[in-house]
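This is what each chain is made of:
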Amino acid sequence: MTERPAPHPDPHLREVAEWHPVDGTPTKKKVAVGCSIGATIETYDFIGFGTAAALYFNDAFFPANDPLSGTLLSFATLGVGFAVRPLGGIIGGHLGDRIGRKPVLVGSLLLMGIATVLIGLLPTYDQVGVWAPILLVVVRVVQGLAFGAEWGGAILMCFEHAPWRKRGLYTGITQAGFPVGLLLANLAFLASVPLGGSWAWRVPFLLSAVLIVVGILIRLKLEESPEFEELKQEGEVSKNPMLEVLRDDWRNVLRAFCLRIAETAGYAVSVTFMLSYLVSEDLAERPVSLTALMVAAGIGIVATVFFGALTDRIGRRPVYLLGTAVMVLWAVPLFLLINTGAAAAIVLTFVVSYAVCQNSLAGVQGAWFPELFAAKTRTSGASLAYQLSAVVSGFTPLIATGLYAGFGWVGPALLFGAYGLLGLVAALGTPETWGRAEREAVDALQRITTAPTTPGGGAPTPRTAADERQLATDSATD
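All values derive from a computational prediction rather than experimental measurement.

Assigned secondary structure in the chain consists of 23 helices and zero strands. Taking all 478 residues of the chain together, the buried fraction comes to 57%. For the chain, long-range pairs separated by at least 24 residues make up 87% of all intrachain contacts whose partners lie at least 6 apart in sequence. For the chain, the accessible surface area stands at approximately 17800 Å², while carbon and sulfur atoms represent 68% of it.

Structure representation (structure tokens):
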């Protein structure tokens with residue numbers, strides 16, 4: 001008698017069973033790498049702006065006679081890009097659920113590349129006065145729109161091609177594109193320091209042109225998501241995915257929003273603000289700060305994939321609880337170590353803040369967020385939650401700078417701890433989408449799909465998407 005899995009308690013996971021084989025698509029590895037490379041390039045562009053804002057833009061695009069005001073205005077410009085990311089997420093999510101994931105991936109990467117190269121060509125405040133910050137804001141808005149559209153498309157493409165039991169690993173590979181981009185961006189800024197003058201920040205942005213061409217060529221060769229293709233074939237593409245997700249899944253949008261704030265706003269305090277803090281307090285030279293961040297980013301590449309894979313074994317929620325708990329405990333020691341000014345201590349703080357606190361959360365989000373939403377509104381739901389948090393994180397360096405001006409280092413330290421606490425509470429209130437019951441059900445389903453079907457016990461018979469849907473339907477009625 002053929003063994004069948006128990007009825008699955010999660011309607012979202014059961015819905016996924018109707019769309020593609022348990023072992024994923026034949027191009028799953030190619031898609032994971034392609035999405036990761038695209039994420040690397042977009043992060044290089046977007047995060048590179050944060051590094052430049054912390055180290056150069058305060059006197060390049062604003063009056064140099066008031067350093068604190070210049071820093072505040074520079075971080076405000078940084079925040080503008082984050083503020084428009086939700087709009088980019090809404091547009092990208094709508095298009096991803098309406099016309100497909102692939103067009104969004106290609107379009108967002110092209111838009112980001114154009115904006116980034118333009119930053120490297122902008123005139124400074126000394127050259128054109130007030131027009132310099134105005135032009136900087138305009139291209140930053142374009143960057144924000146492109147980056148907002150990017151994440152949902154990349155993660156969903158990877159998620160919907162991946163094997164069921166390894167979605168954490170595969171999406172972790174895509175998420176690892178972000179520390180790779182961070183590493184490359186800071187390597188470019190470190191290498192350009194000897195150039196001096198405006199070339200020290202212009203060259204890293206101009207180099208993006210080469211990366212964009214490579215990324216576009218790779219993404220054009222990727223296959224569309226099998227789940228979207230099946231939705232389109234069966235006429236189930238949502239006419240208004242954003243309205244549907246806000247009406248039916250607003251609780252999950254709110255949960256994912258709070259989960260995401262802990263990760264991205266925590267990064268804004270412990271990395272973006274910290275770079276400026278080190279310089280303003282004369283605790284470290286720029287090469288030391290950038291080197292520390294590059295070491296953390298290098299470790300973070302492996303850490304992100306590791307934490308993603310760990311969620312496949314023990315579930316999404318436990319890993320998130322661990323990461324946010326470490327954030328709460330790390331808030332004060334973070335600044336105590338930084339304030340020593342010792343190079344080794346600075347490296348350690350960046351490693352813990354980024355490779356442990358931030359990457360443990362980012363490694364989970366790639367699988368957990370999509371699993372919270374139905375297939376036909378998945379891009380809209382995951383993108384909206386992910387990018388709404390960018391509004392908070394984008395202005396966090398500005399908030400941290402203000403808190404520091406009023407309360408010293410204790411202000412930003414408590415802010416970092418508060419973000420961790422918010423994430424911890426949100427994780428406790430978010431459903432586990434890959435717990436023991438889900439893993440056991442998929443294991444049983446996988447045993448059926450790989451069982452020999454010939455009388456002599458020969459090789460398994462390949463199964464089509466229609467076979468998988470029928471199998472899932474039979475399993476649900478047992």
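What follows deals with a nonpolar patch on the surface. Nonpolar side chains collect at one region of the surface, where V128, V130, W131, I134, L135 and V138 lie side by side and expose about 520 Å² of accessible area between them. No other element matches helix α8 (residues 131-161), which puts four residues into the nonpolar patch. Examined against the element boundaries, V130 turns out to sit in the loop between α7 (125-128) and α8. Overall, the relative accessible area of 52% leaves V130 in the exposed class.

This part covers the confidence of the model for the chain. Of the residues in the chain, 88% have a pLDDT of 70 or more, and the chain-wide mean is 82. In this model, residues 1-10 is a region of pLDDT below 50 whose contacts with residues beyond four sequence positions or in other chains number 23 contacts. Low pLDDT, under 50, characterises residues 453-478; the stretch is placed with 37 contacts to residues that sit more than four places away or in other chains.

Bringing unusual backbone geometry into the picture now. Positive phi, normally seen in glycine, also occurs at D282, with a value near 55°. With respect to the helices and strands, D282 occurs in the loop between α15 (250-280) and α16 (286-314). Of the residues examined, D282 reaches a relative accessible area of 63% and is grouped as exposed.

All of the buried residues along helix α14 (residues 241-248) are P241, M242, E244 and V245. Along the axis of α14, the buried residues cluster in a sector spanning 160°; they form a single face. If you follow the buried residues of α14, they end up packed against α5 (85-98), α15 and α19 (378-394).

Moving on: the pattern of salt bridges. With the rule as written, the count across this model stands at seven salt bridges. R247 serves as the salt-bridge partner of D248, at 3.0 Å between the closest nitrogen and oxygen. The exposure class of D248 is partly exposed, given its relative accessible area of 49%. For the salt bridge of D312 with R316, the shortest nitrogen-to-oxygen distance reads 3.1 Å. Accessibility assignment for this pair places D312 and R316 in one class, buried. Several salt bridges share partner residues, and in doing so they unite D312, R316 and E371 into one network.

Let's shift gears to the packing of α16 against helix α18 (residues 343-371). For the pair α16 and α18, the least separation of the axes is 7 Å and the interaxial angle reads 30°. Here α18 runs roughly parallel to α16, going by the angle between their axes. Note on packing geometry: the crossing formed by α16 with α18 is right-handed. Across the contact of α16 with α18, the residue classes break down as 18 nonpolar, seven polar and no charged.

Right, let's get into the environment of E229. Looking at the secondary structure, you find E229 in helix α13 (residues 226-233). Taking the C-alpha atoms as reference points, E229 and R101, separated by 128 residues in sequence, lie 9.9 Å from one another.

Right, let's talk about the packing of helix α2 (residues 28-55) against α8 for a bit. Think of two packed helices as two axes; the pair is described by the angle between the axes and how far apart they sit. Following both chains from N to C, one finds α2 and α8 inclined at 160°, their axes separated by 9 Å at the closest point. Taken as axis vectors, α2 and α8 run roughly antiparallel relative to one another. The hand of the α2/α8 crossing is left-handed. Contacts from K28, V31, A32, C35, G38, A39, E42, T43, D45, F46 and F49 of α2 reach α8 at L136, R140, Q143, G144, A146, F147, E150, A154, M157, C158 and H161. Taken together, the residues of the contact of α2 with α8 break down into 12 nonpolar, five polar and five charged.

Right, let's get into the side chain of R439. Its place among the elements puts R439 in helix α22 (residues 436-449). Leaving out residues up to four positions away in the same chain, R439 has contacts with D312, R313, I314, G315 and W434.

A few words on α16. For α16, spanning 29 residues, the distance from its first C-alpha to its last is 40 Å, which sits close to the expected 42 Å at 1.5 Å a residue. G300 marks the point of greatest bend in α16, at about 30°. Where α16 ends, the next residue or the one after it, G315, has phi of about 105°, a positive value.

As a further point, take the packing of aromatic side chains. Think of a pair of aromatic rings as described by two things: how far the centres are apart, and how the planes are tilted against each other in angle. As enumerated under the stated definition, the model contains 16 aromatic pairs in all. Put simply, the rings of Y56, F57, F61, F189, W201 and F205 pair up and form one aromatic cluster. Between the NZ or CZ atom of R260 and the centre of the ring of Y386, over which it lies, the distance is 3.5 Å.

The topology assignment puts L334 in helix α17 (residues 316-338). Along the primary structure L334 and I346 are separated by 12 residues, whereas in three dimensions their C-alpha atoms are 9.1 Å apart. In this view, L334 contacts S270, M274, T349, S353 and F416; residues no more than four positions away in its chain are not counted.

With that out of the way, let us pick up the nonpolar core. Counting 92 residues, the largest nonpolar core has F57, F61 and F350 as the members making the most contacts within it. Broken down by element, the residue count for this core peaks at 15 residues, all from α15. Contacts of F61, omitting those with residues within four sequence positions, involve L122, P123, Y125, A132, P133, L136 and W201. A32, L105, M157 and A162 belong to the second-largest nonpolar core, a separate cluster that totals 10 residues.

What follows concerns the environment of R140. Take R140: it is sitting in helix α8. Look at R140 and you get buried, because its relative accessible area is 0%. In the structure, R140 is positioned 25 residues away from A115 in sequence and 7.4 Å away in space, judged by C-alpha atoms. For R140, the contacting residues outside a window of four places in its chain are F46, F49, T77, L78, G81 and F82. At 2.8 Å, the side chain of R140 forms a polar contact with the side chain of Q143.

What counts and how
Chains are numbered independently. Their residues run from 1 in the order of the written sequence. Reporting of local features is limited, given that this is a predicted model, to residues whose pLDDT is at least 70; pairs of side-chain atoms are given and counted only at 80 or more, and all residues count toward the totals for whole chains, interfaces and linings. Remark: hydrogens and water are excluded; side-chain values derive from all non-hydrogen atoms of the structure. Think of it this way: any DSSP run of H or I at least four residues long counts as a helix, any run of E at least two long counts as a strand, and we number them from the N terminus. The buried label applies to any residue whose accessible area, calculated with a 1.4 Å probe on protein chains only, is under 20% of its type's maximum; exposed applies above 50%, and partly exposed to all values in between. In what follows, a contact means two residues having at least one pair of non-hydrogen atoms within 4.5 Å. All accessibility values rest on the Shrake-Rupley procedure with a 1.4 Å probe; residue burial counts only the protein chains present in the view. Two distance rules govern patches: like charges are joined within 9 Å, and nonpolar side chains (Val, Leu, Ile, Met, Phe, Trp, Tyr) within 5 Å, applied only to residues with over 30% relative accessible area and no salt bridge. One side-chain nitrogen of Lys or Arg within 4 Å of one carboxyl oxygen of Asp or Glu is enough to make a salt bridge. pLDDT runs from 0 to 100 and stands for how confident the predictor is about each residue. By definition, the arc is the one covered by directions from the helix axis to the C-beta atoms. Comment: axis = line fitted to C-alpha atoms, over the contacting stretch for helices; angle = value between 0 and 180 degrees taken between N-to-C directions. Roughly parallel covers angles under 35 degrees, roughly antiparallel covers those over 145, roughly perpendicular covers 65 to 115, and oblique covers all other angles. By the definition used in this description, the sense in which the near helix is turned from the far one sets the handedness, with an anticlockwise turn below a right angle giving left-handed and a clockwise turn giving right-handed. Residue polarity follows a fixed list, in which Ala, Val, Leu, Ile, Met, Phe, Trp, Tyr, Cys and Pro are nonpolar, Asp, Glu, Lys and Arg are charged, and the others, Gly among them, are polar. The span expected for a helix works out to 1.5 Å for each residue beyond the first. The angle between axes fitted to the seven-residue stretch ending at a residue and the seven-residue stretch beginning at it gives the bend at that residue. Only rings of Phe, Tyr and Trp enter the pairing, Trp through its six-membered ring, and a pair is recorded when the two centres are within 6.5 Å. The plane angle decides the type: under 30 degrees is stacked, over 60 is edge-to-face, the rest tilted. Note on geometry: a ring has a charge over it if NZ (lysine) or CZ (arginine) is within 6 Å of the ring centre and within 35 degrees of the ring normal. Definition used in this section: a nonpolar core is a set of buried Ala, Val, Leu, Ile, Met, Phe, Trp, Tyr and Cys residues joined via side-chain atoms within 4.5 Å. Whenever two N or O atoms come within 3.5 Å, that pair is a polar contact, provided that in protein one can donate a hydrogen and the other can accept it, and provided that, for residues adjacent in sequence, both atoms are side-chain atoms.

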